[in-house]
Every structure is written in C-alpha cells, then in structure tokens.
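These are the residues of each chain, in order.
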Amino acid sequence: DSISLVPAGAVKVTPGHSPPDLVLARAHGLPLLSVIGDDGTMCPLGGGWLQGVHRFVAREKVVAALAERGLYRGTQDHAMTLPMCRYCCPHPVPSVSPSQD
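If you check an unreviewed UniProt entry, the protein chain appears there as valine--tRNA ligase from Herpetotheres cachinnans.

As a further point, take helix α2 (residues 55-68). Helix length check: α2 (14 residues) gives 20 Å between terminal C-alpha atoms against 20 Å at 1.5 Å per residue, within 8%. All of the buried residues in α2 are Arg55, Ala58 and Ala65. Projected onto a plane normal to the axis of α2, the buried residues spread over an arc of 75° and lie on a single side. Looking at α2, the residues exposed on the side facing more than 90 degrees away from the buried face are Arg59, Glu60 and Glu68. Following α2 by one or two positions, glycine 70 adopts a phi angle in the positive range, close to 75°.

Together, Trp49, Val62, Leu66, Leu71 and Tyr72 give the surface a local cluster of nonpolar side chains, amounting to about 470 Å² of exposed area. Its place among the elements puts valine 62 in helix α2.

Thresholds, definitions, all that
Residues numbered from 1 in each chain as written. Predicted model: local features only at pLDDT ≥ 70, side-chain atom pairs only at ≥ 80, totals over all residues. Heavy atoms only, no water. Helix = DSSP H or I, 4+ residues; strand = E, 2+ residues; numbered from the N terminus. Expected span 1.5 Å × (residues − 1). Buried < 20%, exposed > 50% of the residue type's maximum accessible area, 1.4 Å probe, protein only. Arc of directions from axis to C-beta. Patch = residues over 30% accessible without salt bridge, like charges linked within 9 Å, V, L, I, M, F, W, Y side chains within 5 Å. Areas by Shrake-Rupley, 256 points an atom, 1.4 Å probe, with all protein chains shown as cover. Salt bridge = Lys/Arg side-chain N within 4 Å of Asp/Glu carboxyl O.

In structure tokens, the structure reads:
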C-alpha cells in the first residue's frame, strides 16, 4: 500500500448506511449509526436541526449553512455504483438490513 502525501479531503462513513461502511465500521470498532430513516427523513443522529427534514432538503440546508460560514468549497460530480431494485423508489436510501449485519 502507498500513502498519499497530498490531502484528499474528508471521507464520510455512516456505519448503518451501507455494506461498505459497515465493513469499515467493524474494522475500526465504530458503532452502527443511521442518520436517514426509512421514510427518507433525517434522524436525530443526523443533527438535531435537521431532524424530520427530507434528505434532499437537508443536503441543501447543509450546503447553505457551510456557505454562510465561508466553509463551502464546492461540489463535484463523481461516478458511483448504486444498487437498484425494480420494486424500490427511484432514489433508494441505502441501509444495513438484519441480513447484512
């Protein structure tokens, strides 16, 4: 393995959110957390000020709060693999189910 000396930014890990995050959580002894509820709204762990807010609206509020404080550095598109199910909504909320735990 090589180590990059160039800062790469932040990495978000939400142990209860997806199977890859669950693997990371277990490897580092992190507790399982979920910040997005089954209904697509933010849970208390997602920040009290966002509790009950739909995840897409919450994203806009977080960006606005960062910008307001001069901390927003921009947004970049990135390719990602998102498993889809023909029975699911158009924007599924990944989460760790009991069968994955």
